[in-house]
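Coordinate analysis (summary)
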Amino acid sequence: MDATTTRGATPPQQIADPAGTVLAGHGLTKTYGPTVALAGVDLAVRRGESVAVMGTSGSGKTTLLHCLAGILTPDSGSVALYDDGGAVAVHARSAGGRAELRRSRYGFVFQQGLLLPELTAAENVALPLMLGGVDRREAQAQAVRWLEWLGLAGMTDRRPSQLSGGQQQRVAVARAQVVGPPVVFADEPTGALDSATSEETMSALLAATTGRGGTLVLVTHDESVAARCHRVVRLHDGQIVHDATTGEVAR
Ligand code: ADP
Ligand code: MG
């Protein structure tokens, strides 16, 4: 099924005022014993931007993403999220505070969708809303809207095992958007997909995230995936060695 057939021009939610820096990492370092994973990274990401983080295996991509996302705390340096007119010091929050931030202000798409196998597609997508206190009926309705927009009408009651790899990733894309987060992180979201499905998943992820004024920070090995982003950052031995903006961010 072609995802583009049911996808309208704009996603079902929008972020107001897409301007300025939304996320800034400054002086980030992280070591694991003798291994330097991050050796002082500065990265400011603009609202509405899609940024591909590239680099060879072990160059620090996942560590950077996890520091920006509040999954890990850096050894030194800071991460600021500018949201709702204020700055949140992500690195300085407690584990519980970071978990709350990840649930409410960030979306995540991983290489494997990490969907809960016993829940339907709609229930998987509704879950972040319900964890945030939205009632089941309303959460389900919003989940179904996102799934339909992503070309999964008629599949909302299927469990992940009854969906193809590409369809599962679109469920994961929907789940990452449903709370309307300013930033979505994706670590190798197309890493397990063939090239046609990879392209379709990227289209869905970009349209859903930047299409509603959100920001995408994506780790990939795939040059064709990176080429679809506004900006490509390359890491080597835990440092940014290349940073090129190739596309216009919509204003
Ligand atoms: P990438 O995502 O670019 O492959 P990572 O950020 O996963 O790189 O890892 C960067 C470096 O840090 C690698 O040398 C990796 O082996 C090391 N590393 C990452 N996580 C851990 C960990 N939890 N314990 C020990 N070493 C780690
Ligand atoms: Mg990695």
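Scroll up a little and you will see the structure.
Below is a summary of the structure that appears in this document. (Residues numbered from 1 in each chain as written. Chains lettered and ligands numbered in written order. Predicted model: local features only at pLDDT ≥ 70, side-chain atom pairs only at ≥ 80, totals over all residues. Heavy atoms only, no water.)

1. Some words on helix 6 (residues 195-209)
The test is simple: A run of DSSP states H or I qualifies as a helix once it reaches four residues; a run of E qualifies as a strand once it reaches two. Both are numbered from the N-terminal end. Each residue after the first adds 1.5 Å to the expected span of a helix. Accessible area is worked out with a 1.4 Å probe on protein chains only. A residue is then buried under 20% of its type maximum, exposed over 50%, and partly exposed in between. Here a polar contact means two N or O atoms within 3.5 Å. Within protein one must be a hydrogen donor candidate and the other an acceptor candidate, and residues neighboring in sequence count only if both atoms are side-chain atoms.
Taking 1.5 Å of rise per residue, the 15 residues of helix 6 would be expected to cover 21 Å, and the 21 Å separating its terminal C-alpha atoms lies within 8% of that figure. Among the residues of helix 6, those classed as buried are Thr-197, Ser-198, Thr-201, Met-202, Ala-204, Leu-205, Leu-206, Ala-208 and Thr-209. The N-cap of helix 6, judged by a side-chain oxygen 3.1 Å from the amide nitrogen of Ala-196 a few residues on, is Asp-194.

2. Describing the sheet that holds strand 6 (residues 106-109)
Heads up, the condition is: Strand pairing is defined by DSSP finding a minimum of two bridges between the two strands. Lines fitted to the C-alpha atoms define the axes, with helices restricted to the stretch that makes contact. Angles between their N-to-C directions range from 0 to 180 degrees. Residues are treated as being in contact if the distance between any of their heavy atoms lies within 4.5 Å.
Strand order in the open sheet made by the six strands is 6-7-8-3-9-10, with mixed pairing throughout. Only two strands of the sheet have a single neighbouring strand rather than two, namely strand 6 and strand 10 (239-245). Between one strand and the next, the sheet's axes are offset by a mean angle of 15°, whatever the strand orientation. Across four bridges, strand 3 (residues 50-54) lies against strand 8 (residues 215-219) in parallel orientation. Within strand 8, the residue paired with Ala-52 across the bridge is Leu-218. Together, strand 6 and strand 7 (183-187) form the strand contacts of helix 2 (residues 95-105), whose direction differs from that of strand 6 by roughly 80°.

3. Here we look at the packing of aromatic side chains
Formally: To pair, rings of Phe, Tyr and Trp, with the six-membered ring standing in for Trp, must have centres within 6.5 Å; the planes then decide the type, stacked if under 30 degrees apart, edge-to-face if over 60, and tilted in the middle.
A complete count under the given rule lists five aromatic pairs for this structure. Arranged with centres 4.8 Å apart and planes meeting at 85°, the rings of Tyr-106 and Phe-185 form a pair that is edge-to-face. Here the residue Tyr-106 occupies a position in strand 6, and Phe-185 occupies one in strand 7, the gap between them amounting to 79 residues. Assessed through its relative accessible area of 3%, Tyr-106 is described here as buried. Residue classification places Phe-185 among the buried residues on the basis of a relative accessible area of 1%. Plain terms: the ring middles of Phe-108 and Phe-185 are 5.7 Å apart, the flat faces sit at 20° to each other, and that makes the pair stacked. Placement of Phe-108 in strand 6 and of Phe-185 in strand 7 is noted, with a sequence separation of 77 residues between them. Note on accessibility: Phe-108 and Phe-185 belong to one class, buried. Grouped by ring-pair contacts, the aromatic residues Tyr-106, Phe-108, Phe-110 and Phe-185 constitute a single cluster.

4. Some details on the site of ligand 1
How we decide: If even one non-hydrogen atom of a residue comes within 4 Å of a molecule or strand, that residue is called near it. Note on areas: these come from Shrake-Rupley sampling with a 1.4 Å probe, and a residue is covered only by the protein chains present in the view. When residues are grouped by polarity, Ala, Val, Leu, Ile, Met, Phe, Trp, Tyr, Cys and Pro land in nonpolar, Asp, Glu, Lys and Arg in charged, and all others, Gly among them, in polar.
In the vicinity of ligand 1, the residues found are Tyr-32, Thr-35, Ala-37, Thr-56, Ser-57, Gly-58, Ser-59, Gly-60, Lys-61, Thr-62 and Thr-63. Gly-58 has a polar backbone atom sitting 2.7 Å from an oxygen atom of ligand 1. Contact between ligand 1 and Thr-62: an oxygen atom at 2.9 Å from a main-chain N or O atom of the residue. In isolation ligand 1 offers 560 Å² of accessible surface; the protein chains occlude 58% of this area. Every element with two or more residues in the shell around ligand 1 is listed here: strand 2 (35-46) and helix 1 (61-68). For the shell around ligand 1, the element with the highest residue contribution is helix 1, accounting for three residues. Here the residues of the shell around ligand 1 are counted per class, giving two nonpolar, eight polar and one charged.

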